[in-house]
Number of protein chains: 2
Amino acid sequence: MGAELRLRVLVVDDEPQIRKALEINLRARGYGVELAATGEESLLLAAERPVDLALIDLGLPGIDGIEVVRGIRGWSDLPVIVLSVRESEQDKVEALDAGADDYVTKPFGMAELLARMRAVTRRSAGRDGEAAVLVAGELVIDLAARTVSAAGQPVSLTPIEWRLLEALARHPGKLVTQRQLLQQVWGPAYERETNYLRVHFANIRRKLEPVPAQPRHVITEPGIGYRFQL
Amino acid sequence: MGAELRLRVLVVDDEPQIRKALEINLRARGYGVELAATGEESLLLAAERPVDLALIDLGLPGIDGIEVVRGIRGWSDLPVIVLSVRESEQDKVEALDAGADDYVTKPFGMAELLARMRAVTRRSAGRDGEAAVLVAGELVIDLAARTVSAAGQPVSLTPIEWRLLEALARHPGKLVTQRQLLQQVWGPAYERETNYLRVHFANIRRKLEPVPAQPRHVITEPGIGYRFQL
DNA sequence: GAGAGGCGTCAAGAACCCGATAAGGCCGCT
DNA sequence: AGCGGCCTTATCGGGTTCTTGACGCCTCTC
């Protein structure tokens, strides 16, 4: 399994010198490198060419780096390291809570960056393959295409509904705590707002479950969280 | 108090002031905190009491912080954040390659640390751990999915019941004292309320044991505690 | 053999959690 | 401006869970 698959890295930075420097260093270490100069470009690239890791600069023209992170997190759990000249705690917190796995302030040493890259890829190494479509009775959920259909009919979910369903469906059968859901969908400041979950899961069940009062797939574990039952 | 499902953090640092400061800040944020001053102590604690995250100082007397990280990585993939005054790249690389998930140099801002803690726990929460399934006769306990079934039938446990069963099942065969159980499930202020244990274990046995009056798996050690028999 | 302490059982009230529903505000679209 | 979708917020009822106290049985000690 340890067959030296070369990892592919997406580098997003608007300064050509930094792009060049990173490209040279990473290629020398055996990484494959994709380059993007703007947020728009990076999102397109990430969608069409699968990469294993993204290095994203915060100070981008156009779409901000934070938005790029959010955009990526919307449909994948690709490891993301943010690079930035901004040293303020608020910037770091914002980027990390947007879904970044690490935050490195420029200027940084190449050895440290490489070590941090190894650390975050190590974590996500054990992920599943592309089990992107999941079938549960009359329910069909396509995680990649972001589509759901119940009893053959396509169902349209609101953004929040989709993120909640996705958080459950990514780990079928496993229990996801209220805290995890609130943190993933709304952010760490909303960990106590369990009423959000009640309202939105009620809406989800109304759309997906044949008998919303007796849900078969979106199960609630009182006092703990929710579970997606296949 | 409500059934707070809080994350438990192990703090390893030899300076009492830093331990205290971290403890106060983390508790205020709703984390459970275990403290250790030396590497030896921390390894013992980590093995005995399950925590969800470890904050480890590098400059420890006795066993070095790096060795603590390696020790933990030897048997678990617990998220680990290293705290250190050392700023050299070599120290960072060494710690990260030893298995640490992040490296924060002192002094650091509390907001940043909390954000980095959220980032690493978010990662490790999502991955499907190795099948942590425990089979004891007609009992099947899935610690990862948080499900229990007896004689093929799924059993639903209340939050407190689950936490008690989990505390026993994480160390099959080992004796867990009443004090440990009360402290883990209800908090340190409830160490005397052994009647809670009697009531809830009676309910657990009623749900799990074929003959609740003659329990085969949830064994009580009079005057000391309880034990999970495989 | 008597007493004390620990344990299991039971039941009742309080506290808690969930689902349902609806009103109000915000935003984008026409 | 008007409209509609979406999210937030509040309230209510019903069901479950937790706590608390009481009682009887067992075992261990004196």
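Our structure's up above, just so we're on the same page.
Let me begin by describing the structure that accompanies this report. Please read these numbers as outputs of a predicted model, since none were measured by experiment. (Residues numbered from 1 in each chain as written. Chains lettered and ligands numbered in written order. Predicted model: local features only at pLDDT ≥ 70, side-chain atom pairs only at ≥ 80, totals over all residues. Heavy atoms only, no water.)

1. Remarks on the interface of chain B and chain A
Step number 1: On the side of chain A, 40 residues touch chain B, which itself brings 40 residues to the contact.
Step number 2: Summed over both sides, the interface between chain B and chain A buries roughly 3500 Å², with carbon and sulfur atoms accounting for 45% of that surface.
Step number 3: Between the two partners, chain B and chain A, sit 8 salt bridges.
Step number 4: Put simply, aspartate 97 of chain A and arginine 118 of chain B hold a salt bridge, and the shortest N to O gap is 2.9 Å.
Step number 5: Linking chain B to chain A there are 22 residue pairs in polar contact (both at pLDDT 80 or more). (Contact = heavy atoms within 4.5 Å. Buried area = accessible area lost by both parts, 1.4 Å probe. Salt bridge = Lys/Arg side-chain N within 4 Å of Asp/Glu carboxyl O. Polar contact = N/O pair within 3.5 Å; in protein donor to acceptor, adjacent residues only side chain to side chain.)

2. Let's talk about the protein's contact with DNA strand D
Step number 1: Not every one of the 14 residues close to DNA strand D is listed here, only the nearest: Thr158 and Tyr196 of chain A together with Thr158, Trp186 and Tyr196 of chain B.
Step number 2: Considering DNA strand D, the proportion of its atoms within 4 Å of the protein that are sugar or phosphate atoms stands at 85%.
Step number 3: Here histidine 200 of chain B contributes a side-chain N or O atom positioned 3.3 Å from a phosphate oxygen of DNA strand D.
Step number 4: For the surface near DNA strand D, the secondary structure elements donating two or more residues are helix H6 (159–169) and helix H8 (194–208) of chain A together with helix H6 (159–169) and helix H8 (194–208) of chain B. (Near = heavy atom within 4 Å. Helix = DSSP H or I, 4+ residues; strand = E, 2+ residues; numbered from the N terminus.)

3. Some thoughts on the sheet that holds strand S10 (residues 175–177) of chain A
Strand pairing in a sheet is mediated by backbone hydrogen bonds. Such pairs are either parallel or antiparallel.
Residue and element names in this part refer to chain A.
Step number 1: Spatially, the 3 strands line up as an open sheet ordered S10-S12-S11, and their pairing is antiparallel. With one partner strand each, in any of the chains shown, S10 and strand S11 (218–221) form the two edges of the open sheet. Sheet twist, expressed as the mean angle between neighbouring strand axes with direction ignored, is 30°.
Step number 2: As judged from the 4 bridges shared by S11 and strand S12 (residues 225–228), these two strands associate in the antiparallel manner. Looking at the pairing, valine 218 lines up with phenylalanine 228 of S12.
Step number 3: Contacts from H6 reach S10, S11 and S12 within the one sheet, and its direction differs from that of S12 by about 70°. (Pairing = 2+ DSSP bridges. Axes fitted to C-alpha atoms, helices over the stretch in contact; angles between N-to-C directions.)

4. Considerations on the protein's contact with DNA strand C
Step number 1: Taken together, 19 residues sit near DNA strand C, with Gln178, Arg205 and Thr220 of chain A together with Arg205 and Gly223 of chain B positioned nearest.
Step number 2: Protein-adjacent atoms of DNA strand C, using a 4 Å cutoff, are sugar or phosphate at a proportion of 66%.
Step number 3: The side chain of arginine 198 of chain A places a nitrogen or oxygen atom 3.2 Å from a base nitrogen of DNA strand C.
Step number 4: Those elements giving two or more residues to the surface near DNA strand C turn out to be H8 of chain A together with H8 of chain B.
Step number 5: For the surface near DNA strand C, the element with the highest residue contribution is H8 of chain B, accounting for 5 residues.

5. Things to note about the side chain of arginine 205 of chain B
Residues and elements named next belong to chain B.
Step number 1: Tracing the backbone through its elements, the reader meets arginine 205 in helix H8.
Step number 2: At 6.1 Å, glutamate 209 is the nearest oppositely charged side chain to arginine 205, a buried residue that forms no salt bridge.
Step number 3: In contact with arginine 205, other than residues within four places in its own chain, are Pro212, Pro215, Val218, Ile219, Thr220 and Tyr226. (Buried < 20%, exposed > 50% of the residue type's maximum accessible area, 1.4 Å probe, protein only. Lys, Arg positive; Asp, Glu negative; His and termini not counted.)

6. Some words on the sheet that holds strand S11 (residues 218–221) of chain B
All names here are of chain B.
Step number 1: A sheet is described by the order of its strands in space; here 3 strands give the open sequence S10-S12-S11, paired in antiparallel fashion. One side of each edge strand has no neighbouring strand; the edge strands of this open sheet are strand S10 (175–177) and S11. Between one strand and the next, the sheet's axes are offset by a mean angle of 30°, whatever the strand orientation.
Step number 2: Taken strand by strand, H6 contacts S10, S11 and strand S12 (225–228), and its axis lies near 70° from that of S12.
Step number 3: Contacting S11 and S12, H8 crosses the sheet at an angle of about 155° to S11.

7. Thoughts on the pairing of strand S3 (residues 53–57) of chain A
Residues and elements named next belong to chain A.
Step number 1: Most of S3 sits inside the fold, with 5 of its 5 residues counted as buried.
Step number 2: Burial along S3 is two-sided: Leu53, Leu55 and Asp57 and Ala54 and Ile56, pointing in opposite directions, are all buried.
Step number 3: Note: S3 against strand S4 (residues 80–84), 4 bridges, orientation parallel. Bridged to aspartate 57 within S4 is leucine 83.

8. Side note on empty space enclosed by the protein
Step number 1: Enumeration according to the criterion identifies 1 cavity of 30 Å³ or more in this entry.
Step number 2: Of the pockets and cavities examined, the largest cavity occupies roughly 80 Å³.
Step number 3: As for the largest cavity, its lining consists of Asp101, Ala119, Val120 and Arg123 of chain A together with Asp101, Ala119, Val120 and Arg123 of chain B.
Step number 4: Elements with a contribution of two residues or more to the lining of the largest cavity: helix H5 (110–124) of chain A together with helix H5 (110–126) of chain B. (1 Å grid on protein atoms, 1.4 Å probe; cavity = no way out; pocket = protein on both sides within 12 Å on 5 of 7 lines; lining within 4 Å. Points joined across faces, edges and corners; volume = space filled by probe spheres on them.)

9. A look at helix H3 (residues 65–73) of chain B
Step number 1: All of the buried residues in H3 of chain B are Gly65, Ile66, Val68, Val69 and Ile72 of chain B. Across the axial projection of H3 of chain B, the buried residues extend over an arc of 160°, all falling on one side. (Arc of directions from axis to C-beta.)

10. Digging into the pattern of salt bridges
Residue and element names in this part refer to chain A.
Step number 1: Applying the stated criterion to the full structure yields 36 salt bridges over all chains.
Step number 2: One salt bridge in this structure joins arginine 86 and aspartate 64, with 4.0 Å as the shortest N-O distance. Within this pair, whereas arginine 86 is found in the loop between S4 and helix H4 (89–97), its partner aspartate 64 is found in the loop between S3 and helix H3 (65–75), the two being separated by 22 residues in sequence.
Step number 3: On the accessibility criterion, arginine 86 (31% relative accessible area) is partly exposed.
Step number 4: Exposure remark for aspartate 64: the relative accessible area of 26% places this residue in the partly exposed category.
Step number 5: When the shortest N-O distance is used, the salt bridge between glutamate 67 and arginine 70 registers 2.9 Å.

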